[in-house]
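One-letter residues, chain by chain:
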Amino acid sequence: RKLWKQGKLIQLNRQIRQLREQLQSENFDLALDLQGLLKSGYLTWLSGAKKRIGLGASEGSHLLMHQIISRDGGDQDLIGSEYRFLADQLDYDTSNFEMNLGVSADSLESARSLSQKSFGEHYFVICPFTTRPQKHWFDDYWQTTALELKKKWGLPVLLLGGPADTEAANELCRGTEIVNLSGQTSLQEAAALIGQSQGLIGVDTGLTHMGHAMKVPTLALFGSTRPYLKTGLASSKVIYLGLHCAPCRRKPTCGGSFDCLREITPQSVIEEFSLLAKPPT
């Protein structure tokens, strides 16, 4: 991208050829494009694999594949449905399909040390931020929920987010007792903190999905995106109201009111989370 913006097309072409040669030297039998975009399809094509399979296809990426597998196959309410369906089509066994997340020993120790020094061994996690405002819950709802969690269980509430979320996180946490770690952990450390927590509440974002993978009590709040309604875990649940305008994805029709999330109240979240979370022993 840098070379393209600088107009260094000869050098760009040379590096692409080098990448292609490096990939093709591996003699891949199979390459899977799980994004289904033109950029991911192009990289898959560069691999020179004998068979290239795309999970869904947009932007013309189907022209670079030998086979396209639909994202809409299988049970759409089941978490990871598109990947389960892909695996089924490739004749893999999906009877035990669990998400797993590898976390290094250093990150586990770093998270444990941070919690013991700063906010204690037992805590809850909230993950309020993602890429689009129509996927966000509301600051006052988060503040009320964090306060009620503290009252009910007597445990601190930890906010996790990336560097891009820092300003919004500072605003959300102002005047509260929420422990704000937005932008202060690596992704591995965030995963470790989630795995060591008493439970997580979050919107449709990667950190929330880590809660499922780490198998901690997890409550996911969906509005503008179509969720998985079946998590496959007794410890996890999704709240999705399924309003007539949902899922709108990237094209909200509500004028910014985001009723699909506004109508999910802190009281209902606390009630549902209370059925999942357990006090520390």
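Since the model is a prediction, treat every value here as computed from it, not as a measurement. All residue numbers refer to position in the chain's written sequence, counted from 1. Selection of residues for local features in this predicted model requires a pLDDT of at least 70, selection of side-chain atom pairs for listing and counting requires 80 or more, and totals for whole chains, interfaces and linings are taken over all residues. By convention in this description, side-chain values take in all heavy atoms of the structure and omit both hydrogens and water.

Enquirer: Would you mind going over the layout of surface pockets with me for this structure?
Expert: Think of a ball as big as a water molecule: rolled over the atoms, this probe shows where empty space is left. Think of a 1 Å grid over just the protein atoms. A cavity is a set of points where a 1.4 Å probe fits yet cannot get out, a pocket is an open set with protein on both sides within 12 Å along at least five of seven lines, and lining residues have an atom within 4 Å of a point. Grid points are joined across faces, edges and corners, and a volume is the space filled by probe spheres set on the points. Taken as a whole, the largest pocket encloses approximately 1200 Å³ of empty space. Lining the largest pocket are 33 residues; nearest its centre among them are Arg 71, Glu 82, Tyr 83, Arg 226 and Tyr 228. Secondary structure elements follow DSSP: runs of H or I no shorter than four residues count as helices, runs of E no shorter than two count as strands, and numbering proceeds from the N terminus. Of all the elements in the fold, those that place two or more residues in the lining of the largest pocket are helix H4 (81-89) and helix H9 (206-214). A total of four residues in the lining of the largest pocket trace back to one element, the largest contributor, which is H4. Partitioned by chemical class, the residues of the lining of the largest pocket number twelve nonpolar, nine polar and twelve charged. For the lining of the second largest pocket, the elements supplying multiple residues, two or more each, are helix H1 (2-5), helix H2 (9-24) and helix H3 (38-46). We call Asp, Glu, Lys and Arg charged. Ala, Val, Leu, Ile, Met, Phe, Trp, Tyr, Cys and Pro are nonpolar, and the rest, Gly among them, are polar. In terms of residue class, the lining of the second largest pocket is built from eight nonpolar, one polar and two charged.

Enquirer: How do you make sense of the sheet that holds strand E3 (residues 67-69) when you look at a structure like this?
Expert: Each strand in a sheet pairs with its neighbour through backbone hydrogen bonds, running either in the same direction (parallel) or in the opposite one (antiparallel). The strand order across the open sheet formed by three strands is E1-E2-E3, and the pairing between neighbours is parallel. Strands with a single pairing partner mark the edges of an open sheet, and in this sheet they are strand E1 (30-33) and E3. Neighbour-to-neighbour, the strand axes of this sheet turn through a mean angle of 20°, independent of strand direction. Pairs of strands are assigned from DSSP output, requiring at least two bridges between the strands. Relative to E3, strand E2 (residues 51-55) runs parallel, the two sharing three bridges. Across the sheet, residue Ile 53 finds its bridge partner in E3, namely Gln 67. Running at roughly 175° to E1, H3 makes contact with E1 and E2 of the sheet. The axes used here are C-alpha line fits, helices contributing only the stretch in contact, and every angle between their N-to-C directions lies in the interval 0 to 180 degrees. Contacts are residue-level and defined by heavy atoms, with any inter-residue pair within 4.5 Å sufficient.

Enquirer: Is there a simple way to think about the pattern of salt bridges in this case?
Expert: Any two side chains of opposite charge can pair, so long as their charged atoms come close to each other. What makes a salt bridge here is a side-chain nitrogen of Lys or Arg within 4 Å of a carboxyl oxygen of Asp or Glu, nothing more. All told, the structure shown has ten salt bridges when counted by the stated rule. A salt bridge links Glu 98 to Lys 215, with the shortest nitrogen-to-oxygen separation between them at 3.7 Å. Note that Glu 98 is positioned in the loop between H4 and helix H5 (105-118) and Lys 215 in the loop between H9 and strand E8 (218-221), a separation of 117 residues in sequence. The cut-offs for exposure are 20% and 50% of the maximum accessible area for each residue type, with area from a 1.4 Å probe on protein chains only; residues under the lower value are buried, those over the upper are exposed, and the others partly exposed. Among the residues examined, Lys 215 registers a relative accessible area of 35% and is labelled partly exposed.

Enquirer: How do you make sense of the packing of H2 against H3 when you look at a structure like this?
Expert: Packed helix pairs are specified by the crossing angle of their axes together with the interaxial distance, meaning the distance between the axes. Running from N to C, H2 and H3 point in directions that differ by 60°, and their axes come no closer than 8 Å. Regarding the angle of H2 to H3, the classification is oblique. In this structure, H2 contributes Ile 16, Leu 19, Arg 20, Leu 23 and Gln 24 to the contact, and H3 contributes Tyr 42, Leu 43 and Leu 46. Its residues assigned to classes, the contact of H2 with H3 comprises six nonpolar, one polar and one charged. Oblique is the label for any angle not covered by the other classes, which are roughly parallel (under 35 degrees), roughly antiparallel (over 145) and roughly perpendicular (65 to 115).

Enquirer: Is there a simple way to think about the pairing of strand E4 (residues 124-127) in this case?
Expert: On a regular strand, one side chain projects to one face of the sheet and the next to the other, so that they alternate. Of the two faces of E4, the one carrying Phe 124 and Ile 126 and the one carrying Val 125 and Cys 127 are both buried. As paired elements, E4 and strand E5 (residues 157-159) share three bridges and run parallel to each other. Across the sheet, the residue bridging to Phe 124 is Val 157, located in E5. Examined bridge by bridge, E4 and strand E7 (residues 200-203) share three bridges and lie parallel to one another. Bridge assignment links Cys 127 to a residue of E7, and that residue is Gly 202.

Enquirer: Sorry, what's going on with empty space enclosed by the protein here?
Expert: On inspection of all chains with the given rule, the structure shows one cavity of 30 Å³ or more. In this structure, the largest cavity occupies an estimated 60 Å³ of space. Lining the largest cavity are Gln 134, Ser 224, Cys 245, Cys 248, Pro 252, Thr 253, Cys 254, Phe 258, Asp 259 and Cys 260. Class assignment for the residues of the lining of the largest cavity results in six nonpolar, three polar and one charged.

Enquirer: Can you walk me through the sheet that holds strand E6 (residues 179-180) in this structure?
Expert: Pairing is parallel across the open sheet formed by six strands, whose spatial order is E6-E5-E4-E7-E8-E9. Only two strands of the sheet have a single partner each, and these edge strands are E6 and strand E9 (236-239). Sheet analysis places E7 next to E8, joined by four bridges and oriented parallel. By the bridge assignment, Gly 202 is partnered in E8 with Ala 220. Most of the contacts of helix H6 (residues 139-153) go to E7, to which it runs at about 170°, and overall it touches E4, E5, E7 and E8.

Enquirer: What's the story with a nonpolar patch on the surface in this structure? I'm lost.
Expert: Judged by side-chain polarity, Leu 30, Leu 32, Leu 34 and Tyr 83 come together as a nonpolar surface patch covering roughly 310 Å² of accessible area. Position of Leu 32 among the secondary structure elements: in strand E1. You can call Leu 32 partly exposed: its relative accessible area is 38%. Patches in this entry comprise residues that are over 30% relatively accessible and not in a salt bridge; like charges within 9 Å are linked, as are nonpolar side chains (Val, Leu, Ile, Met, Phe, Trp, Tyr) within 5 Å. Each accessible area is a Shrake-Rupley result for a 1.4 Å probe, and residues are judged covered by the shown protein chains and nothing else.

As far as function goes, none of this settles anything; it's purely spatial.
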